[in-house]
Amino acid sequence: MVVSGEKPTLIRKVVRDGKEVLVRHDGRLVDQMRPIRIEVGVLSNADGSALVEYGGTRVIAAVYGPKEAMPKYMSLPDRAILRCRYHMAPFSTAERKTPALTRREVELSKVLREALEPVVLTELFPRAMIDVFVEVIQSDGGTRTAAITAASLALADAGVPLKDLVAGVAVGKVDGVLVLDLDEIEDNYAEADMPVAMAPSLNQVVLLQMNGVLTLEEFHAALQLARKGILEIYRLQKEALRRKYAEVKVEG
Amino acid sequence: MARVYVQHRQVVVPGDLLAEDDGVVVETPTYIERVGKRLYARIIGLVNITTEEKKVRIGIIPLEGVYMPKVGDIVIGVVKDIGITHWEVDIRAPYHAVLTVQEALEHPFNPVTDSLRRYLDVGDYIVAKIIAFDRTRDPLLSIKGKGLGRIVEGAIVEIKPSRVPRVIGKKASMINMLKTETGCEFIVGQNGRILVKCPNRDLEEIAVLALKMIEREAHTSGLTERVREMIRREKARRGA
């Protein structure tokens, strides 16, 4: 992403309720996430699916399988193979993106797979294959963490046994302040940006990347901040999964 | 003393804490994750708790998921391909099933003078039994036996394999109710394909509606009575 023009003011000091607080460019507090919307079972042709929105970021995940491995030579004798595809729609960005998989998307597909592999019980389905497709419909920063959140929900919806759900959120340092859930503008001007994904019940970190510079103290603080956000997303994930069954109950 | 955090018949999702401490017997280890002394759900499903003599047994009945073959299961398959002495059959599992000619025909088969296509063609539906499956090899089928073989009449209804136990019900209560109320014959494949043979078109439609209703509301209680009501209402409306 090419960043041009003058750097906008990203953090302002504002007096709220007689106290001076730091407010971000979109009015959020430093430890506040964007509004999150989660829906499960949004696609009828896939075995499992989910839609996740972090503010302006919108992703859809679809899961097929476990099914017969194709091509056959790729199958493993002791467990299922997990295939992930992270893809951004041509209309997901301000300027049209080529629909072909870019180098970045190939790498993020691998990152996504590695974040899901620790929780998916692939050994229950030897020689089979599980396909995970994530399509970014609209991008406003934090697409990889939204992709992981959506993918784990789609897997759960497909009935693939999981050790735990996985939720992700980004933390970063903007104008010297640690902030939660960066959007695109903040990401572009951030001194550091750190996407984190965790399996909260297992107390396991499944994704940790960092771009930029943080001191050790800042890193610890950032990880705590991410954990706080992830626990909130985790709660929303479970709520969304339960909602699918609660709705039917009302009808009956 | 064991602490249990969920109720019987509650819907759980992956990561839900089920119970803590020892003394809890896990009935479905595939669907329950153990982290130290804590037990977590691995799948969307209904909790099944039974208590006997201070022993708490906990299990999960899944609500989603593919069909995994089990030896002895009756399944309904579709012939997908024909080999020289075997058929390949789709049974909605992650593995395609193999039906050898020895398990299909009563007489010796000579591939030089005879063709398998004469007995079962691609696209044919069969009721079969799984006679071998051990995860290292593909499941083997047999159509030798009572009630097994090619399907020549009736309608096939596909539901989620995880909802099949609900269609049968406790001590076959649901399926017996369906048989008496609709007058149809049901052959339930464990892989979620159900063969329905009915005296007339109206009853067949009602039977399909009933099966779809059971699939949709599998996680609710008092389902048998609601399905019975629905069938009676539909029968009165159609005059069947």
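Just so we're clear, the structure is a prediction, and the values are computed from it rather than from any experiment.

**Digging into the side chain of R24(A)**
Residues and elements named next belong to chain A. Positionally, R24 belongs in strand β2 (residues 19-24). Taking relative accessible area as the criterion, R24 reaches 0% and is therefore assigned buried. If we skip the residues at most four places from it in the chain, R24 touches L10, I11, R12, L29, V30, Q32, V179, L180, D181, L182 and E186.

**Side note on the interface of chain A and chain B**
Across the boundary between the two partners, chain A contributes 34 residues, which contact 34 residues of chain B. Interface area for chain A against chain B, summed over the two sides, is near 2800 Å², with a carbon-plus-sulfur share of 57%. Taken together, the connections running from chain A to chain B amount to four salt bridges. Between E64(B) and K244(A) there is a salt bridge, with its nearest N and O atoms 3.7 Å apart. Inspection of the chain A/chain B interface yields 15 residue pairs in polar contact (both at pLDDT 80 or more). At the level of secondary structure, the elements contributing two or more residues to the side of chain A that touches chain B comprise β5 (57-68), α2 (143-157) and α4 (216-251) of chain A. In the side of chain A that touches chain B, the residues fall into 17 nonpolar, four polar and 13 charged.

**Things to note about the packing of aromatic side chains**
Residue and element names in this part refer to chain B. All chains considered together, the criterion is met by three aromatic pairs over all chains. Considering the side-chain rings of Y95 and F133, the 5.5 Å spacing of their centres and the 45° angle between planes classify their relative orientation as tilted. With Y95 in the loop between β10 (86-90) and β11 (97-100) and F133 in the loop between β12 (125-132) and β13 (140-142), this residue pair connects regions lying 38 residues apart in the sequence. Side by side, Y95 and F133 carry an identical accessibility label, which is buried.

**Focus: the domain arrangement of chain B**
Looking at the assigned domains, one finds that chain B contains domain 1 (3-62), domain 2 (74-150) and domain 3 (155-238). Taking only C-alpha atoms, the centre of domain 1 of chain B and the centre of domain 3 of chain B are 30 Å apart.

**Some words on the environment of A190(A)**
Residues and elements named next belong to chain A. Along the polypeptide, A190 turns up in the loop between α3 (184-189) and β10 (192-199). Between the C-alpha atoms of A190 and R85, which are 105 residues apart in sequence, the distance is 27 Å. Residues within four places of A190 in sequence aside, it is in contact with K173, V174 and L182.

**Quick notes on the packing of helix α3 (residues 201-216) of chain B against helix α4 (residues 223-238) of chain B**
Residue and element names in this part refer to chain B. One way to put it is that α3 packs onto α4 with a least axis distance of 10 Å and a crossing angle of 155°. As the angle between them shows, α3 and α4 are arranged roughly antiparallel. Here the hand of the crossing between α3 and α4 comes out right-handed. In this structure, α3 uses D202, L203, E205, I206, L209, A210, M213 and I214 to contact α4, whose residues at the interface are L223, R226, V227, M230, I231, E234, K235 and R238.

Criteria and thresholds
Residues numbered from 1 in each chain as written. Chains lettered and ligands numbered in written order. Predicted model: local features only at pLDDT ≥ 70, side-chain atom pairs only at ≥ 80, totals over all residues. Heavy atoms only, no water. Helix = DSSP H or I, 4+ residues; strand = E, 2+ residues; numbered from the N terminus. Buried < 20%, exposed > 50% of the residue type's maximum accessible area, 1.4 Å probe, protein only. Contact = heavy atoms within 4.5 Å. Buried area = accessible area lost by both parts, 1.4 Å probe. Salt bridge = Lys/Arg side-chain N within 4 Å of Asp/Glu carboxyl O. Polar contact = N/O pair within 3.5 Å; in protein donor to acceptor, adjacent residues only side chain to side chain. Nonpolar A, V, L, I, M, F, W, Y, C, P; charged D, E, K, R; others polar. Phe/Tyr/Trp six-rings, centres within 6.5 Å; stacked < 30°, edge-to-face > 60°. Domains from an automatic or database assignment. Axes fitted to C-alpha atoms, helices over the stretch in contact; angles between N-to-C directions. Parallel < 35°, antiparallel > 145°, perpendicular 65-115°, else oblique. Left-handed = near helix turned anticlockwise from the far one by under 90°.

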